[in-house]
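# Chains, contacts and geometry: an overview
Listed below, chain by chain, are the residues.
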Amino acid sequence: QVQLVESGGGLVQAGGSLRLSCAVSGRTFRWLTMGWFRQAPEKEREFVAAISWSGASTNSTNYANSVKGRFTIARDNAKNTLYLQMNSMKPEDTAVYYCATRSGKYAGQDPADYGYWGQGTQVTVSS
């Protein structure tokens with residue numbers, strides 16, 4: 001019912017920036033809670049950032065401690081697109097990045113709560 005397509009990944013030097021995009025179709029974007037997750041080789045999928053649906057009273061964002069102050073999650077309801085702006089990137093940020101959506105209105109961190117996932121986009125940070 002919901003289709004998510006990530007783009008914007010690539011190779012960047014440490015200290016550089018990338019912006020990931022996630023195009024959403026199949027459901028009204030404004031009322032979807034959206035999240036970004038990442039998975040490095042031989043590692044479990046981990047939470048990066050999330051943003052509540054636009055109609056939620058809390059209108060909250062949530063970030064992993066490892067990316068606070070460096071990454072920013074945002075949404076453009078007119079374009080049905082989710083973004084992740086990544087600045088001051090580190091080699092530890094290297095992973096496949098996935099966007100996902102959940103039915104709840106809160107920007108939770110548990111990947112098990114997210115029902116729809118994109119195919120992912122590779123981000124590689126060189127030192």
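Look above for the structure.
Description of the structure in this document. Just so you know, these numbers come straight off a predicted model, no measurement behind them.

Inspection of the secondary structure assignment puts Glu-6 in strand S1 (residues 3-7). One buried charge, Glu-6, has no salt-bridge partner; the nearest side chain with opposite charge is Arg-45, at 7.6 Å. A polar contact is formed between the side chain of Glu-6 and the backbone nitrogen of Gln-119, at a distance of 3.0 Å. Polar contacts involving the side chain of Glu-6 include one to the main-chain amide nitrogen of Gly-120, which spans 2.8 Å. Here Glu-6 is in contact with Ser-21, Cys-22, Trp-36, Tyr-97, Tyr-98, Cys-99, Gly-118, Gln-119, Gly-120 and Thr-121, once residues within four sequence places are set aside.

By the criterion of burial, strand S5 (residues 46-51) is predominantly enclosed, with 5 of the 6 residues buried. The pairing of strand S4 (residues 33-39) with S5 spans 5 bridges and is antiparallel. Within S5, the residue paired with Gly-35 across the bridge is Ala-50. The antiparallel pairing of S4 with S5 creates a hairpin that spans 6 residues between the two strands, and Glu-42 there sits at a positive phi of about 65°.

As a further point, take the sheet that holds strand S3 (residues 18-25). Sheet strands associate in pairs through backbone hydrogen bonding, adopting either a parallel or an antiparallel arrangement. Read across the open sheet, the 4 strands follow the order S1-S3-S8-S7; overall the sheet is antiparallel. Every other strand in the sheet has two partners, leaving S1 and strand S7 (71-76) as the edge strands with one partner each. On average, each strand axis in the sheet is tilted by 15° relative to the strand beside it, whichever way the strands run. In this structure, S3 lies alongside strand S8 (residues 81-86), joined through 6 bridges in antiparallel fashion. What sits directly across from Arg-19, in S8, is Gln-85.

We now examine unusual backbone geometry. Even without being glycine, Glu-42 reaches a positive phi, approximately 65°. Positive phi, normally seen in glycine, also occurs at Asn-80, with a value near 50°. On the secondary structure map, Asn-80 appears in the loop between S7 and S8.

Counted under the stated rule, the structure contains 4 salt bridges. Notably, a salt bridge pairs Glu-46 with Arg-38, separated by 2.7 Å at the nearest N-O pair. On the basis of relative accessibility, which here comes to 36%, the residue Glu-46 falls in the partly exposed class. A salt bridge links Asp-93 to Arg-38, with the shortest nitrogen-to-oxygen separation between them at 2.9 Å. Of the two residues, Asp-93 is situated in the loop between S8 and strand S9 (95-102) and Arg-38 in strand S4; the sequence distance between them amounts to 55 residues. Members of the salt-bridge network, linked through shared partners, are Arg-38, Glu-46, Arg-70 and Asp-93.

What counts as what
Residues numbered from 1 in each chain as written. Predicted model: local features only at pLDDT ≥ 70, side-chain atom pairs only at ≥ 80, totals over all residues. Heavy atoms only, no water. Helix = DSSP H or I, 4+ residues; strand = E, 2+ residues; numbered from the N terminus. Buried < 20%, exposed > 50% of the residue type's maximum accessible area, 1.4 Å probe, protein only. Lys, Arg positive; Asp, Glu negative; His and termini not counted. Salt bridge = Lys/Arg side-chain N within 4 Å of Asp/Glu carboxyl O. Polar contact = N/O pair within 3.5 Å; in protein donor to acceptor, adjacent residues only side chain to side chain. Contact = heavy atoms within 4.5 Å. Pairing = 2+ DSSP bridges. Axes fitted to C-alpha atoms, helices over the stretch in contact; angles between N-to-C directions.

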